[in-house]
Amino acid sequence: GRAMHVAALPLALLAALCARLSALCCSLVRLSLPLALPLRGWPRPAAPVRGAAAARQRERRRDGAAPTPTSVNYHFTRQCNYKCGFCFHTAKTSFVLPLEEAKRGLAMLKEAGMEKINFSGGEPFLQDRGEFVGKLVQFCKQVLKLPSVSIVSNGSMIREQWFRKYGEYLDILAISCDSFDEEVNVLIGRGQGKKSHVEKLHKLRKWCRDYAVAFKINSVINRFNIEEDMNEQIKALNPVRWKVFQCLLIEGENCGEDALREVEKFLISDDDFERFLDRHKNVSCLVPESNQKMRDSYLILDEYMRFLNCTNGRKEPSKSILDVGVEEAIQFSGFDEKMFLKRGGKYVWSKADMKLDW
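All values reported here derive from a predicted model rather than from experimental measurement.

Caption draft 1: Fine view of a positive patch on the surface. Taken together, the side chains of R129, R159, K195 and K203 present a region of like positive charge at the surface. For R159, the location among the structural elements is in the loop between β3 (148-153) and α5 (160-166).

Caption draft 2: Unusual backbone geometry, seen in detail. A cis geometry characterises the amide bond from G121 onward to G122, with omega recorded as 15°. Unlike most non-glycine residues, N238 shows phi in positive territory, near 50°.

Caption draft 3: Structural view of the side chain of D178. Within the fold, D178 resides in the loop between β4 (172-176) and α6 (182-188). With relative accessibility at 0%, the residue D178 sits in the buried group. A distance of 2.8 Å separates polar atoms of two side chains, one belonging to D178 and the other to R190.

Caption draft 4: How the structure looks around the packing of helix α3 (residues 99-111) against helix α4 (residues 131-143). It is at 11 Å that the axes of α3 and α4 come closest, and there the two elements cross at 35°. Like other packed secondary-structure pairs, α3 and α4 cross with a definite hand, here right-handed. Two secondary-structure elements touch here, α3 through L99, A102, K103 and L106 and α4 through F132, K135, L136, F139 and C140. In the contact of α3 with α4, the residues fall into seven nonpolar, no polar and two charged.

Caption draft 5: Molecular detail of helix α9 (residues 270-279). What α9 keeps buried is the set D272, F273, F276 and L277. For α9, the arc enclosing every buried residue in end-on projection is 140°, short of the 170-degree limit, so these residues lie on one face. Structural note: α9 exposes D270 and D271 on the side pointing more than 90 degrees away from its buried face. Considering only its buried residues, α9 is in contact with β5 (214-221), β6 (241-246) and β7 (286-289).

Caption draft 6: A look at the pattern of salt bridges. Summed over the entire model, instances satisfying the criterion amount to 15 salt bridges. E303 serves as the salt-bridge partner of R78, at 3.2 Å between the closest nitrogen and oxygen. Here E303 lies in the loop between β8 (299-301) and β9 (306-309) and R78 lies in the loop between β1 (71-75) and α3, a separation of 225 residues in the sequence. With respect to class, R78 is no different from E303; both count as buried.

Caption draft 7: Just the packing of aromatic side chains, in detail. Summed over the entire model, instances satisfying the criterion amount to 15 aromatic pairs. Plain terms: the ring middles of F76 and F119 are 6.4 Å apart, the flat faces sit at 70° to each other, and that makes the pair edge-to-face. With a gap of 43 residues between them, F76 in the loop between β1 and α3 and F119 in strand β2 (residues 116-120) connect regions that are remote in the sequence. Here F76 falls in the buried class, since its relative accessible area comes to 0%. Measuring from ring centre to ring centre gives 5.7 Å for F86 and F266, while their planes differ by 90°; the resulting arrangement is edge-to-face. Of this pair, F86 sits in the loop between β1 and α3 while F266 sits in the loop between β6 and α9, placing them 180 residues apart in sequence. The rings of F125, W162, F163, Y166, W207 and Y211 are connected pair by pair, giving a single aromatic cluster. Across from the ring centre of Y347, 3.6 Å away, lies the NZ or CZ of R241, which sits over that ring.

Caption draft 8: Fine view of the side chain of K351. Following the sequence through the fold, K351 ends up in the segment after α13 (337-342). Despite its burial, K351 remains without a salt bridge, the nearest opposite charge being carried by D171 at 5.8 Å.

Caption draft 9: View of the pairing of β3. Summarising burial for β3: six of the six residues are buried, a large majority. Across the two faces of β3 the burial is the same, with S148, S150 and V152 and V149, I151 and S153 all buried. As judged from the four bridges shared by β2 and β3, these two strands associate in the parallel manner. Among the inter-strand pairings, I117 is bridged to a residue of β3, identified as V149. Read as a crossover between parallel neighbours, the route from β2 over α4 to β3 is right-handed. Of the pairings in the sheet, the one linking β3 to β4 comprises four bridges and is parallel in character. Looking at the pairing, V152 lines up with A174 of β4. Following the chain from β3 across α5 to the adjacent parallel β4, one finds a crossover that is right-handed.

Cut-offs used in this document
- Residues numbered from 1 in each chain as written.
- Predicted model: local features only at pLDDT ≥ 70, side-chain atom pairs only at ≥ 80, totals over all residues.
- Heavy atoms only, no water.
- Patch = residues over 30% accessible without salt bridge, like charges linked within 9 Å, V, L, I, M, F, W, Y side chains within 5 Å.
- Areas by Shrake-Rupley, 256 points an atom, 1.4 Å probe, with all protein chains shown as cover.
- Salt bridge = Lys/Arg side-chain N within 4 Å of Asp/Glu carboxyl O.
- Lys, Arg positive; Asp, Glu negative; His and termini not counted.
- Charge placed at Lys NZ, Arg CZ, Asp CG, Glu CD.
- Helix = DSSP H or I, 4+ residues; strand = E, 2+ residues; numbered from the N terminus.
- Buried < 20%, exposed > 50% of the residue type's maximum accessible area, 1.4 Å probe, protein only.
- Polar contact = N/O pair within 3.5 Å; in protein donor to acceptor, adjacent residues only side chain to side chain.
- Axes fitted to C-alpha atoms, helices over the stretch in contact; angles between N-to-C directions.
- Left-handed = near helix turned anticlockwise from the far one by under 90°.
- Contact = heavy atoms within 4.5 Å.
- Nonpolar A, V, L, I, M, F, W, Y, C, P; charged D, E, K, R; others polar.
- Arc of directions from axis to C-beta.
- Phe/Tyr/Trp six-rings, centres within 6.5 Å; stacked < 30°, edge-to-face > 60°.
- Lys NZ or Arg CZ within 6 Å of the ring centre and 35° of its normal.
- Pairing = 2+ DSSP bridges.
- Right-handed = clockwise from strand over helix to strand, strands pointing away.

As far as function goes, none of this settles anything; it's purely spatial.
Printed below as a string of structure tokens:
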């Protein structure tokens with residue numbers, strides 16, 4: 001037994017070195033700088049905030065004013081039935097707040113100035129087969145009377161009966177679709193056996209029209225779909241917005257030693273992203289979002305209702321708004337209000353104000 005234990009030591013050491021090497025590669029890709037990594041078991045030092053992000057934090061502290069949570073993305077679950085290789089909000093926990101606690105937090109956000117709530121995940125329709133998110137949508141529109149309530153979903157679990165019950169309370173449904181080629185969707189990890197992601201997309205488009213819900217498409221541009229021409233398909237689906245994201249690297253989520261995904265093979269350059277945008281420049285509903293625009297211009301709440309600060313390339317949580325209130329928690333969000341407005345984060349987002357051909 002002792003001989004086997006000694007023989008296993010080099011393997012254990014090799015595994016530890018591989019984990020460190022992965023983390024180092026992740027950091028080099030993200031920052032193009034050599035980083036010193038802590039030894040296993042040592043506490044990880046808090047990453048310092050540098051450059052423009054640090055200047056913004058100093059400016060906010062001087063002003064003493066917390067940003068207004070005008071538009072909030074609430075990732076109330078991390079669980080998902082897909083395994084997209086570039087996912088930057090992975091299933092690291094299975095926790096979901098009790099419904100009444102979630103409602104309490106949403107009411108606090110409304111009091112602090114929230115006008116738009118976006119429910120996301122994970123996959124939001126996994127929890128109670130869509131009943132949980134349905135009840136939150138109804139609460140936000142009927143009780144809080146928010147101007148805009150939206151959901152981002154992969155669409156695979158949505159049924160027409162959900163629209164019958166909750167469609168009137170939903171302003172926008174955004175469906176994630178990265179390719180109109182099913183083989184590419186499978187390569188990305190956005191597949192469910194023999195079910196067609198693209199066929200379901202068209203079915204959801206019809207239901208949105210039937211039940212007066214604005215239809216939106218989100219696409220993550222990556223190494224597998226960078227050469228695809230989506231002009232005709234997007235124009236045929238005619239979404240109110242087509243959000244086109246550059247594949248984003250987030251340490252601890254899709255790269256590094258404690259990540260559940262390996263994003264490196266999906267990453268594209270800024271020039272690649274610009275080429276894709278240029279190919280689709282005549283699509284009027286296109287809304288491009290580079291890594292720079294994405295990183296600091298979203299207010300993200302996790303499953304514990306903690307704001308996630310992404311300014312250092314990983315998600316660093318604040319304290320929960322349920323414990324310390326919105327104003328204190330949001331100070332640690334890293335939220336860039338100016339970039340939020342610059343990227344067009346505020347738009348006509350209530351379906352009552354949209355002139356849509358349902």
